[in-house]
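Fold and contact review
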Amino acid sequence: MPTYMTQPGSDLPPWRLLLRLRTRQWVLLALLDQHRHLGRAAAAMNISQPAATKLLQQLEETFAVPLFTRVARGMTPTPYGEALVRHARWVLTDFGAVCEEVEALRSGLSGALRVGSVPGAVPELLAPTLVAYQKKHERVAVSVVVDTSDVMLRQLARGEVDLMLGRLTEDHSAEAFDCVPLLGEPQVVVVRKAHPLFKRKSLTLRELVDWPWLLQPPGSPQRGRFEAALREAGIQQRLRITETASPIAMTALLEHSDMAAVMPASQAAHYARLGVLRVLPVKLPIRVPPIYLITRRAHSLSPAAAEFVALLRPAAA
């Protein structure tokens, strides 16, 4: 068992405490959290279990707190361990991003940009800004991930994207992120362009509940606000719902069925221009916050990401 110091590093600045730590210890923390078993974490690192035990003991002695507790089938992190595991994941993810950027530079590109976005931000914000960005920075390797805000926030927190266009959700602390409002717009109901509902002279939300719906998964901000709007309207009827967060799946299903879906007005206008979908003439009582540019507060942007942000804000204005 390790002997814990009473006040770990109380007389040391953080950088001196950091000198006591080894890269292998950060890797071990991340693998222990993944496998929750010391033997399997050691095997993943290609080291012996006694060596892994020694690395963990040294970590616990450095911070003077227990980091993991043994349970019936392995190990589980203590609150102290969870804090260090979270930082270990950041270290490894950030290092992975550095490796990607170095590889991009080595292959003749000038950096890498990883953008996360909700579908509603694509037509008016992401697409025009990214086109302008790539004309100006042709040698930057760009990757784009599109999903719901709750999914994108988890990826941003882990450092899997440099920035995101979306909204904060209730289960993510605003203290961890910097948020700049970019685009506010209403939500609308869309269907295929030859839908039978267009034969009616007027429509209300209550009249739509008998039709099948295509909605984002539970936990997404849009789904929660839509269900709240139904409750406020006194609609208790259970809907026939198909769930998807994929824009392409949503569009294809709408084209080939009588389903209805909710989407931002700019996204609906994009599909209307393509002759795929139409907006139903019904007022949707959903109040949504604007789409934000969201970045991690404790991490500075790479030069490639900073250039994208510089183009994004004027485009939003």
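Structure: see above.
Please read all numbers here as calculations on a predicted model, not as lab measurements. All residue numbers here refer to positions counted from 1 along the written sequence of the relevant chain. Reporting in this predicted model follows two pLDDT cut-offs: at least 70 for local features of residues, and 80 or more for side-chain atom pairs to be given and counted; totals over whole chains, interfaces and linings ignore these cut-offs and use all residues. Just so you know, side-chain values use all the structure's heavy atoms and leave hydrogens and water out.

1. Let's talk about the packing of helix α2 (residues 23–35) against helix α3 (residues 38–45)
The cut-off we apply is this: Every axis corresponds to a line fitted to the C-alpha atoms, with the helix fit spanning only the stretch in contact, and the corresponding angles, defined between N-to-C directions, vary from 0 to 180 degrees. Runs of H or I in DSSP of at least four residues are treated as helices and runs of E of at least two as strands, each being numbered from the N terminus. The scheme is simple: roughly parallel for angles under 35 degrees, roughly antiparallel for over 145, roughly perpendicular for 65 to 115, oblique for anything else. Handedness of a helix crossing follows the sense of rotation of the near helix relative to the far helix, less than a right angle counterclockwise being left-handed and clockwise being right-handed. Contact between two residues is taken to exist if any of their heavy atoms lie within 4.5 Å; hydrogens are not considered. Note that Gly is not counted as nonpolar here; it falls among the polar residues with everything else outside the nonpolar set of Ala, Val, Leu, Ile, Met, Phe, Trp, Tyr, Cys and Pro and the charged set of Asp, Glu, Lys and Arg.
Viewed as axis vectors pointing N to C, α2 and α3 meet at an angle of 130°, and their least axial separation amounts to 9 Å. With respect to their mutual orientation, α2 and α3 come out oblique. For the crossing formed where α2 meets α3, the hand is right-handed. Note on element contacts: α3 touches α2 through Leu 38, Arg 40, Ala 41, Ala 44 and Met 45, opposite Arg 24, Val 27, Leu 28, Leu 31, Leu 32 and His 35. Its residues assigned to classes, the contact of α2 with α3 shows 8 nonpolar, 1 polar and 2 charged.

2. Thoughts on a nonpolar patch on the surface
Note the threshold: Like-charged residues are merged into a patch within 9 Å and nonpolar side chains (Val, Leu, Ile, Met, Phe, Trp, Tyr) within 5 Å, provided each residue has over 30% relative accessible area and no salt bridge. All accessible areas in this document rest on Shrake-Rupley with a 1.4 Å probe, and a residue is counted as covered only by the protein chains that are shown. Here a salt bridge means any side-chain nitrogen of Lys or Arg lying within 4 Å of a carboxyl oxygen belonging to Asp or Glu. Burial classes: relative accessible area under 20% of the type maximum marks a residue as buried, over 50% as exposed, and values in between as partly exposed (1.4 Å probe, protein chains only).
On the surface, Phe 95, Val 98 and Val 102 cluster together to form a nonpolar patch covering roughly 280 Å² of accessible area. Inspection of the secondary structure puts Phe 95 in helix α5 (residues 79–106). Relative accessible area serves as the criterion here: at 54%, Phe 95 is assigned to the exposed category.

3. Details of the side chain of Gln 25
We count it as follows: For this analysis, a polar contact is any N or O atom pair within 3.5 Å, provided that within protein one partner can donate a hydrogen and the other can accept it, and provided that sequence-adjacent residues contribute only side-chain to side-chain pairs.
For Gln 25, the location among the structural elements is in helix α2. Since its relative accessible area comes to 2%, Gln 25 is described here as buried. From its side chain, Gln 25 meets the backbone nitrogen of Arg 22 in a polar contact 2.8 Å long. Excluding anything up to four places from it in sequence, Gln 25 contacts Arg 20, Leu 55, Gln 58 and Leu 59.

4. Looking at the sheet that holds strand β3 (residues 112–117)
Here is the rule we go by: The criterion for strand pairing is that DSSP finds at least two bridges linking the strands in question.
Spatially, the 5 strands line up as an open sheet ordered β4-β3-β5-β12-β6, and their pairing is mixed. Each end of this open sheet is capped by a strand with a single partner; those strands are β4 (141–146) and β6 (177–183). Put simply, the sheet's adjacent strands are angled 20° from each other on average, direction ignored. As defined by bridge partners, β3 adjoins strand β5 (residues 163–166) across 3 bridges and the pair is classed as parallel. Bridge pairing links Gly 116 to Met 164 in β5. Set on the sheet, helix α6 (residues 122–136) makes contact with β3, β4, β5, β6 and β12 (291–296); between it and β4 the angle comes to about 170°.

5. Some words on the sheet that holds strand β7 (residues 187–192)
Read from one edge of the open sheet, 5 strands run β9-β8-β10-β7-β11, paired in mixed fashion. The open sheet terminates on both sides in strands that have one partner only, identified here as β9 (241–243) and β11 (277–279). Across this sheet, the average inter-strand angle for adjacent strands is 40°, counted without regard to direction. Pairing of strand β8 (residues 213–215) with strand β10 (residues 260–264) involves 2 bridges; the strand directions are parallel. Bridging from a neighbouring strand, Trp 213 pairs with Ala 260 of β10. Those strands touched by helix α9 (residues 221–232) are β7, β8, β9 and β10, and its axis lies near 120° from that of β10. In the packing of helix α10 (residues 247–255) onto the sheet, the strands contacted are β7, β8, β9, β10 and β11, and the crossing angle to β10 comes to about 140°.

6. Digging into the pairing of β10
Within β10, 5 of the 5 residues are buried, which leaves it mostly tucked inside the rest of the structure. As paired elements, β7 and β10 share 4 bridges and run antiparallel to each other. Within β10, the position partnered with Gln 187 by the bridge is Pro 264.

In short, geometric facts, not functional conclusions.
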